[in-house]
Amino acid sequence: MSAELILRLASRRMWLLWAPLIGFALLVSGITAQFSNGVSGLTAIIAGALVLVACLDWFSAETAANRATRRTPAS
């Protein structure tokens, strides 16, 4: 797989998977902020964890793309 394809797939994952999940968690956190049951804080923590996982996913894609550029093509 080429480095360009790896990064294109990672970008697609970022916008189609991670961004909506994080947005939904932050939306729920904002909506439930008026309640005192702790749901808002829990969803904010979940959103933070999703951001961390998304960053790790992007970092692994960057690493894989870097490895793909260093490979010599088989002739």
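Residues numbered from 1 in each chain as written. Predicted model: local features only at pLDDT ≥ 70, side-chain atom pairs only at ≥ 80, totals over all residues. Heavy atoms only, no water.

As a further point, take the overall build of the protein chain. Within the protein chain one finds 2 helices and 0 strands. The C-alpha atoms of the protein chain give a radius of gyration of 17 Å, which is well past the 11 Å a tight globule of 75 residues would have. With the principal axes as the frame, the protein chain shows a C-alpha extent of 65 × 15 × 10 Å. Counting only contacts in the protein chain whose residues sit at least 6 apart along the sequence, the fraction spanning at least 24 positions is 71%. Surface exposure of the protein chain reaches about 5500 Å², of which carbon and sulfur atoms provide 70%. (Helix = DSSP H or I, 4+ residues; strand = E, 2+ residues; numbered from the N terminus. Rg over C-alpha atoms; globule rule 2.2 N^0.38 Å. Contact = heavy atoms within 4.5 Å. Areas by Shrake-Rupley, 256 points an atom, 1.4 Å probe, with all protein chains shown as cover.)

This brings us to a nonpolar patch on the surface. On the surface, a nonpolar cluster with roughly 280 Å² of combined accessible area is contributed by Met1, Leu5 and Leu9. Within the fold, Leu9 resides in helix α1 (residues 3-31). (Patch = residues over 30% accessible without salt bridge, like charges linked within 9 Å, V, L, I, M, F, W, Y side chains within 5 Å. Salt bridge = Lys/Arg side-chain N within 4 Å of Asp/Glu carboxyl O.)

We now examine the pattern of salt bridges. In this structure the tally under the stated criterion is 2 salt bridges. Taking the shortest distance from any N to any O, the salt bridge between Arg13 and Asp57 comes out at 2.9 Å. Separated by 44 residues along the polypeptide, Arg13 in helix α1 and Asp57 in helix α2 (residues 39-70) bring together distant segments of the chain. On the accessibility criterion, Arg13 (32% relative accessible area) is partly exposed. (Buried < 20%, exposed > 50% of the residue type's maximum accessible area, 1.4 Å probe, protein only.)

Before going further, it helps to examine α2. Relative to the 46 Å expected for 32 residues at 1.5 Å per residue, α2 spans 46 Å between its end C-alpha atoms, a close match to the ideal helical length. Taken as a whole, α2 has its buried residues at Ser40, Thr43, Ala47, Leu50, Ala54, Asp57, Ala61, Ala65 and Ala68. Buried residues along α2 sit against α1. (Expected span 1.5 Å × (residues − 1).)

In this section: the packing of α1 against α2. α2 packs onto α1 with a crossing angle of 175° between their chain directions and a minimal axis gap of 9 Å. When the axes of α1 and α2 are compared, the pair comes out roughly antiparallel. For the contact of α1 with α2, the class distribution of residues is 22 nonpolar, 5 polar and 3 charged. (Axes fitted to C-alpha atoms, helices over the stretch in contact; angles between N-to-C directions. Parallel < 35°, antiparallel > 145°, perpendicular 65-115°, else oblique. Nonpolar A, V, L, I, M, F, W, Y, C, P; charged D, E, K, R; others polar.)

In short, shape yes, function no, at least from these values alone.
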